[in-house]
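Fold and contact review
Below are the chains, spelled out letter by letter.
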Amino acid sequence: MEDRNERVDVELKRGKVEVVSALRAFNLPLYEVFFVIDCRNGSDFTRGHIASALNFPPPDPISNKMDAFYAFAQFANENFCNDRWDPIVIYGDDSAQVQDHIVWLVECLLTFINNPPKYHDGSWFIKCMAQSVQSIWILEGGYKEFVQHYPLLRYLPTSENGDTGASSMKPL
């Protein structure tokens, strides 16, 4: 992520946002309670992903990004059953679209962590996040790096049509 914007760089310096290796992130005993967000497109997610990840692909270029974020917050409400939200681990691939999406997502998360809104459809997710998240980790090397170190912690398709039964949000 060479081209991060200034705000993300400032948060990187403060320690709220870190770029971490798969070995550092998933070598911890409680990795299964991390809130993991896969920012790759839905077809890549369906072919394989970190077992506990929710998919938040880049929104369609013509859609409103904030609407997409609130839709993801509502999606997370329905699909993430955990009281612990720290850290949030975000990963993707090397494409410019996904890298831009990760930077935008980190900015959104930081905004809502620092100034949660009073109410919205995804407010439970945002409230829990704001109360408990101390750090956001961007997984260095993305899914490819993760699979090299932890092939048994990935979720692979189980049927011929590629359906994993996993939680993948459709882009708006």
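Reference entry: report on the structure contained in this document. Values in this document were obtained by computation on a predicted structure and should not be read as measured data. (Residues numbered from 1 in each chain as written. Predicted model: local features only at pLDDT ≥ 70, side-chain atom pairs only at ≥ 80, totals over all residues. Heavy atoms only, no water.)

Now for the overall build of the protein. Counting its secondary structure elements, the protein contains seven helices and seven strands. Traced from its N-terminal end to its C-terminal end, the protein shows the element sequence α-β-α-β-α-β-β-α-β-α-α-β-α-β. For the protein, buried positions account for 46% of its 172 residues. A sequence separation of at least 24 residues applies to 73% of the contacts in the protein between residues at least 6 apart. (Helix = DSSP H or I, 4+ residues; strand = E, 2+ residues; numbered from the N terminus. Buried < 20%, exposed > 50% of the residue type's maximum accessible area, 1.4 Å probe, protein only. Contact = heavy atoms within 4.5 Å.)

This part covers the packing of aromatic side chains. All chains considered together, the criterion is met by ten aromatic pairs. Relative to Phe-72, the ring of Phe-56 has its centre 4.5 Å away and its plane inclined at 20 degrees; by these criteria the two rings are stacked. One end of the pair, Phe-56, is in the loop between strand S4 (54-55) and helix H4 (65-79); the other, Phe-72, is in helix H4, with 16 residues separating them in the sequence. For the pair Phe-146 and Tyr-150, a centre-to-centre distance of 5.8 Å together with 35 degrees between the ring planes defines the contact as tilted. Taken together, the ring pairs connect Phe-35, Phe-56, Phe-69, Tyr-70, Phe-72, Phe-75 and Trp-104 into an aromatic cluster. (Phe/Tyr/Trp six-rings, centres within 6.5 Å; stacked < 30°, edge-to-face > 60°.)

Turning our eyes to something else, we now look at the sheet that holds strand S5 (residues 88-91). Taken together, five strands build an open sheet; the order of strands is S1-S6-S5-S2-S4 and the sheet is parallel. Each edge of the open sheet carries a strand with a single partner, namely strand S1 (17-20) and S4. One ladder, built from four bridges, connects S1 with strand S6 (residues 136-139); its direction is parallel. Residue pairing across strands places Val-19 opposite Ile-138, the latter belonging to S6. (Pairing = 2+ DSSP bridges.)

It is worth spelling out the environment of Ala-76 at this point. Among the secondary structure elements, Ala-76 is positioned in helix H4. Remark: the alpha-carbon pair of Ala-76 and Asn-55, spanning 21 residues in sequence, is separated by 9.5 Å.

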